[in-house]
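Each chain is listed here by its residues.
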Amino acid sequence: MTKTDSTVTIHMAASLDGFIARTDGSVDWLETSDEFEDGETLDPGFVEAFLKTIDCYVMGSRTYETALGFEAKGFGWSYGDKPVFVLTRRELPQTRNTVEFYSGDLAQFVNERLRPRFHSIWFVGGGAVSGDCLRLGLADVVRYSVLPILIGDGIQFFEKLDRDIALHLAEVKAYKSGMVELCYEVRK
Ligand SMILES: NC(=O)c1ccc[n+]([C@@H]2O[C@H](COP(=O)([O-])OP(=O)(O)OC[C@H]3O[C@@H](n4cnc5c(N)ncnc54)[C@H](OP(=O)(O)O)[C@@H]3O)[C@@H](O)[C@H]2O)c1
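About the cut-offs
Residues numbered from 1 in each chain as written. Predicted model: local features only at pLDDT ≥ 70, side-chain atom pairs only at ≥ 80, totals over all residues. Heavy atoms only, no water. Salt bridge = Lys/Arg side-chain N within 4 Å of Asp/Glu carboxyl O. Buried < 20%, exposed > 50% of the residue type's maximum accessible area, 1.4 Å probe, protein only. Pairing = 2+ DSSP bridges. Helix = DSSP H or I, 4+ residues; strand = E, 2+ residues; numbered from the N terminus. Axes fitted to C-alpha atoms, helices over the stretch in contact; angles between N-to-C directions.

Caption draft 1: Seen up close, the pattern of salt bridges. On inspection of all chains with the given rule, the structure shows 11 salt bridges. For Asp-28, the salt bridge is made with Arg-22, and the minimal N-O distance between the two is 3.0 Å. For Arg-22, a relative accessible area of 28% puts it in the partly exposed group. Through salt bridges with shared partners, a single network forms among Arg-115, Asp-140 and Lys-188.

In structure tokens, the structure reads:
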């Protein structure tokens, strides 16, 4: 970590075969119908308290476009009133004043602009941005929610890496829905 005690976390949900979306970008398969008897139940109060600990979100433009599509269909905005930084070289609609666009050097952006300002920085996808985040050595934690489904093909959790990245398994939780959440610390 640089200068501050900030933490950069990558979090996404993926199929067991490692995809975060189908090749056409659709995520309809995220709604699974499994039941794991011994699993934990997600307590809404806990989720709400946990979300409060996140200080800002970072996402790629294609993930932002998916989020806007969800909102247009009435599913709401998942990021509350927290600052959301969208990486893009294009002109995209700014639907709320918590959204800010950035284009350029990702390492410089994270280390010089985000880390001094925010304690808990969450990268929420997609695969291209998560790949960059790992390749550039910016991530401290990877949270991987595995859903009980195989989809065969699609956009990978992170795009191809040019080296191995050693991880430390810090936490595992299995839920009644059949989802398993894996939390890894990136070994520096
Ligand atoms: N299952 C899950 O939990 C989950 C989570 C998130 C996303 N998703 C899915 O994943 C898909 C999107 O993932 P993706 O890998 O295709 O794309 P992405 O990572 O969301 O976005 C990549 C785009 O971000 C922009 N960008 C990246 N780095 C930049 C930089 N340093 N400066 C300026 N712009 C930069 C570029 O777009 P421009 O052309 O705009 O410059 C790039 O093409 C969607 O289908 C979404 O639904 C799933």
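There's plenty left to go through after this.
Caption draft 2: Structural detail: the sheet that holds strand S4 (residues 84-87). Strand order across the open sheet formed by eight strands is S5-S4-S3-S6-S1-S7-S10-S9, with mixed pairing between neighbours. Two strands close off the open sheet at either side, each with one partner strand: strand S5 (99-102) and strand S9 (167-174). Adjacent strand axes in the sheet meet at a mean angle of 20°, parallel and antiparallel pairs treated alike. Note that strand S3 (residues 56-60) and strand S6 (residues 120-123) share three bridges and pair parallel. Counted as the bridge partner of Tyr-57 is Trp-122 from S6.

Caption draft 3: Examining unusual backbone geometry more closely. The omega torsion of the bond from Gly-125 to Gly-126 falls at -5°, within 30 degrees of zero and hence cis. Mapped onto the secondary structure, Gly-126 falls in the loop between S6 and helix H4 (127-135).

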